Amino acid sequence: MKSLSNLDAIFNPKSVALIGASGTPGKLGYDVLYNLIHAGFEGPIYPINPKADELLGLKVYKDIGSTPTPADLAVVLIPARMVPGAIQQCGEAGVKAAIVVTGGFAEAGEDGEKLQEELARIAEQYGIRVIGPNCQGVNSPHHNLCASWPLLTNEGGMAFIAQSGTVGAALMDWASEDHLGVSVFVSLGNRADVDESDCIQYFNDDPNTKVIALYMEGVKRPDVFLKALSTATKPVVILKAGRTAWGRKAAESHTKSMAGSDAIYEAIFKKYKVYRAENLEELYDFAKALAYMKKPPGRRLLTISSSGGIAILAIDEAEKLGFQVPIPSESLQRRLRAFLSDHCGVSNPVDLTGDAITDPSLYARVIQEARSEFDAMVVLFGDPIHGASDMVTQGESELVIFCGGADVEREETALMHQKGIPAFPTPERGIRALYQFFRFDEPDADIKEEPHTAEAAALQLMSASDAVAMLKDYGIPAFDAPLAASSDEAVALANDLGMPVVLKIASADVSHKTDVGGVQLNLTTDDEVRSAYEKIVSAVTAQAPGAAIDGVTVSLMADSGGLEVILGVTTDPQYGPSLMFGLGGIFTEIYKDVQFCLLPAAEKEFLQMMRGIKGYPLLAGVRGQNPKDKKALVDLMAAVSRLVTDHPEIDQIDLNPVLVYEQGIAVVDYRIYTR
């Protein structure tokens, strides 16, 4: 394997030769020479051109062998057919590395591919490391090297490595505009030699690089790539293009390497803790956060804002990603109220209103007071806040978002970035960037139920007997569920209904019966029914202490072979009732494979909703199975729609599970809540 140490001649050369230097503005030979000079490169620069004596104030040499000392690095800008010969001359002259900007190689067809193979063979013969061909070069601001374009000199901690010059240049532009800069920009081009794996390994050891950000279409050496990821100690952020079938085809054509299956890359990235970006903005934002922020100690966020609107957007994104946004303690609220106006909110978010425009120090005071109670502050500047850059600190678990501040925003954001404090332009981008610090944390094992709101507490759960009577009035095939207040009553009801039966806990305080041991299935004898009653009451008493237990309901056991779905109604205070449909049973809240439609609705809408769930193939018949009775399911939806239209006092209906057979349906469990 080639040594990485000789890559120093590319990224930190002591001298540079430009083969193909030009005195004509607008030509790459001129622009790159100009950039080499004006980047402040401290070593000698040798323009190579057989037809000139002086260019941009520098002595010109006829060929690479004529320079006073061998150049560490040669930048090659001559026609493709001449490049292999130039690389050989470089080898004979003692040049250590080359950046071949010229195109017309493997990307151009069979002849170009042969030319590239010749280039690679000669370079390997002489031990020359090569970037390219067909690339946009290298920009290494910490070493005053810009063998690329445009001329960007801001030093920073992000290494941008791209298999597309344009993509990499866009990232460079953003970093330059942000006054954050980069540690390096590498346009890999066709990767005749140096590839993404070399760069990950090299910049993992580079003291100026804090994070490695890579735009990638395919991988040249899979085994070395996996080794590079496995040994990386710095964050690696990757935007992998070619995820779709047509995207892969385009990527293979572009990079001349297999783009690979996206599912395999997803598995690789998870295994090696690669921060996968979905788009260019995320590639930049994730790199920016990981390079300039520290991981907060936990997920408790306090949002501090001068604008209620952007605060709501931030909280929505935060909760979606698993952050906690608790209300401040009464003690903290009192301390905040001591210096905030009465019209300022002291909940979460802390809404500073327009007061923050005239007194930006309110931000700093809130941050200081709240720091001991929250893990991180989401600091939102939603107006032209002069002095905002003085209100936040570096590395103190503050996520800064500046949105809507016009010229003041640009000025203050630049000042923050010069201090090494990253700021993000929208709430969503900032929160997603912050989430990267928790991306690989183990998820909570327990799935917690939503807290009961005051509104939910005001609802009345209809008794099972009343609910089943109402459902049957509308032709809904719900199983009878008479109440048994003792084990003897349960046995009597089971014999009246006929075995086998199901026993379920009857309690308005228990929403998910199976979670607390509140269901016993397929009971076929008196002793089994009596034992099941005692087990249910004992389990619920232990696992849901304080729950009021009315007894158990007794129902016939449903026939096997049905697909479990859920049908529900929820009532919005503005838009009225809507119907929910999805896969049912105990996995409903885990998979959340559901669709909604407003009621009343037509049959067409019911069918559209049914077909919209990911599990629809299970209904339609998949892998040789017969289709389920979709017509009966549509009829059920229509009946539920009529029921809630006739009974506006109903707030919620939960039919779960509904068993859908090849012929017919059965509503096994049901809850109806009224206002």
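This structure is a prediction, so every number in the text was calculated from the model and none was measured.

(A) Up close: the overall build of the protein. Within the protein, the regular secondary structure consists of 24 helices and 31 strands. Its C-alpha atoms give the protein a radius of gyration of 34 Å, more than 25% over the compact-globule value 26 Å for 675 residues. For the protein, the spread of C-alpha atoms along the principal axes amounts to about 110 × 70 × 45 Å. Out of the 675 residues in the protein, the part that is buried amounts to 53%. When contacts within the protein are restricted to residue pairs at least 6 apart in sequence, those whose partners lie at least 24 apart make up 67%. Counting only carbon and sulfur atoms, one obtains 51% of the accessible surface of the protein, whose full area is about 30,100 Å². In the protein, the 59 positive side-chain charges and the 89 negative ones have mean positions that sit 7 Å from each other.

(B) Region of the structure containing the sheet that holds strand S15 (residues 301–305). Strand order in the open sheet formed by six strands is S16-S17-S15-S18-S19-S20, and the pairing between neighbours is mixed. For this open sheet the edge positions go to strand S16 (345–346) and strand S20 (423–424), each flanked by a neighbour on one side alone. Relative to S20, strand S19 (residues 398–402) runs parallel, the two sharing two bridges. The residue of S20 that forms the bridge with Ile401 is Phe424. In the packing of helix H15 (residues 406–418) onto the sheet, the strands contacted are strand S18 (376–381), S19 and S20, and the crossing angle to S19 comes to about 150°.

(C) Unusual backbone geometry, seen in detail. That bond from Trp149 to Pro150 is cis: its omega, -5°, falls within 30 degrees of zero. Assignment of secondary structure puts Pro150 in the loop between strand S9 (145–148) and strand S10 (155–162). Residue Pro500 follows Met499 across a cis peptide bond; omega there is -5°. One can find Pro500 in the loop between helix H19 (487–497) and strand S23 (501–506). Backbone geometry at Asn144 places phi at a positive 55°, although glycine is not the residue there. Along the chain, the position of Asn144 falls in the loop between strand S8 (137–140) and S9. A relative accessible area of 22% means that Asn144 is categorised as partly exposed. Positive phi is not limited to glycine here, since Lys273 has a value of about 55°. Among the secondary structure elements, Lys273 is positioned in the loop between helix H9 (262–271) and strand S14 (275–277).

(D) Seen up close, the confidence of the model for the protein. Across the protein, the average pLDDT comes to 92, with 94% of residues at or above 70. Below pLDDT 50 for its whole length, residues 445–454 participates in four contacts with residues either more than four positions away or in separate chains.

(E) Seen up close, the packing of aromatic side chains. If you walk through the whole model with that rule in mind, you get 12 aromatic pairs. For the pair Phe11 and Tyr202, a centre-to-centre distance of 5.1 Å together with 40° between the ring planes defines the contact as tilted. Pair noted here: Phe11 is in helix H1 (residues 8–11) and Tyr202 is in helix H6 (residues 196–204), with a separation of 191 residues, a long-range link. Judged by relative accessible area, which is 14%, Tyr202 ranks as buried. With 5.0 Å between their ring centres and 70° between their planes, Tyr275 and Phe440 make a pair best called edge-to-face. One end of the pair, Tyr275, is in strand S14; the other, Phe440, is in the loop between helix H16 (427–435) and helix H17 (454–457), with 165 residues separating them in the sequence. Taking the relative accessible area as the measure of exposure, Tyr275 reaches 14% and is therefore buried.

(F) Region of interest: the environment of Gly354. Relative to the assigned elements, Gly354 resides in the loop between strand S17 (350–351) and helix H13 (355–358). Residues Gly354 and Ala267, 87 residues apart in the sequence, show an inter-C-alpha distance of 48 Å.

(G) How the structure looks around the sheet that holds strand S7 (residues 129–131). Spatially, S2-S1-S5-S6-S7 is the arrangement adopted by the five strands of the open sheet, whose pairing is parallel. The sheet is open, and its two borders are formed by strand S2 (45–48) and S7, each paired with just one other strand. Taking the axes of each pair of neighbouring strands and ignoring which way they run, one obtains an average angle of 20° across the sheet. Pairing analysis gives four bridges linking strand S5 (residues 73–76) to strand S6 (residues 97–100), with the strands arranged parallel. Each bridged residue has a counterpart across the sheet, and for Ala74 the counterpart in S6 is Ala98.

(H) Geometry of the side chain of Asp195. Within the secondary structure, Asp195 is located in the loop between strand S11 (182–187) and H6. Of the polar contacts made by the side chain of Asp195, one reaches the backbone nitrogen of Asp198; its length is 3.1 Å. A polar side-chain atom of Asp195 sits 2.8 Å from a polar atom in the side chain of Arg221. If sequence neighbours within four positions are ignored, Asp195 has contacts with Leu188, Lys220 and Arg221.

(I) Examining the pattern of salt bridges more closely. According to the stated counting rule, one finds 29 salt bridges in the structure shown. Shared partners join several salt bridges into a network, and the residues in it are Arg129, Asp193, Asp195, Asp198 and Arg221.

(J) Quick peek at the pairing of strand S13 (residues 236–240). Across the five residues of S13, five count as buried, placing the element largely inside the fold. For the crossover that starts at strand S12 (residues 211–216), traverses helix H7 (residues 222–231) and ends in the parallel S13, the hand is right-handed. Relative to S14, S13 runs parallel, the two being bridged by three bridges. The partner of Leu239 across the bridge, within S14, is Ala277.

(K) Highlighting the environment of Leu73. You can see Leu73 is positioned in strand S5. Residue Leu73 is classed as buried on the basis of its relative accessible area, which comes to 0%. Not counting chain neighbours up to four residues away, the residues in contact with Leu73 comprise Ala9, Ile10, Pro13, Ser15, Val16, Ala17, Val95, Ala97, Ala98, Ile99 and Leu145.

(L) Highlighting H6. Among the nine residues of H6, nine are classified as buried, and the element is accordingly described as predominantly covered. At the N-terminal boundary of H6, the capping side chain belongs to Asp195, with an oxygen 3.2 Å from the backbone nitrogen of Ser197.

(M) Focus on the nonpolar core. Residues Ile10, Phe11, Val186 and Phe203 are the most contacted members of the largest nonpolar core, which totals 49 residues. In terms of residue count, the dominant contributor to this core is H6 (four residues). Phe203 has contacts with Phe11, Ala159, Ile161, Val184, Val186, Thr209, Ile212 and Lys234, leaving out every residue within four places of it along the chain. Counting residues in hydrophobic clusters, the runner-up holds 47 residues, among them Tyr215, Val237, Ala291 and Leu434.

Parameters and conventions
Residues numbered from 1 in each chain as written. Predicted model: local features only at pLDDT ≥ 70, side-chain atom pairs only at ≥ 80, totals over all residues. Heavy atoms only, no water. Helix = DSSP H or I, 4+ residues; strand = E, 2+ residues; numbered from the N terminus. Rg over C-alpha atoms; globule rule 2.2 N^0.38 Å. Buried < 20%, exposed > 50% of the residue type's maximum accessible area, 1.4 Å probe, protein only. Contact = heavy atoms within 4.5 Å. Areas by Shrake-Rupley, 256 points an atom, 1.4 Å probe, with all protein chains shown as cover. Lys, Arg positive; Asp, Glu negative; His and termini not counted. Charge placed at Lys NZ, Arg CZ, Asp CG, Glu CD. Pairing = 2+ DSSP bridges. Axes fitted to C-alpha atoms, helices over the stretch in contact; angles between N-to-C directions. pLDDT = per-residue confidence, 0-100. Phe/Tyr/Trp six-rings, centres within 6.5 Å; stacked < 30°, edge-to-face > 60°. Polar contact = N/O pair within 3.5 Å; in protein donor to acceptor, adjacent residues only side chain to side chain. Salt bridge = Lys/Arg side-chain N within 4 Å of Asp/Glu carboxyl O. Right-handed = clockwise from strand over helix to strand, strands pointing away. Core = buried A, V, L, I, M, F, W, Y, C linked by side-chain atoms within 4.5 Å.

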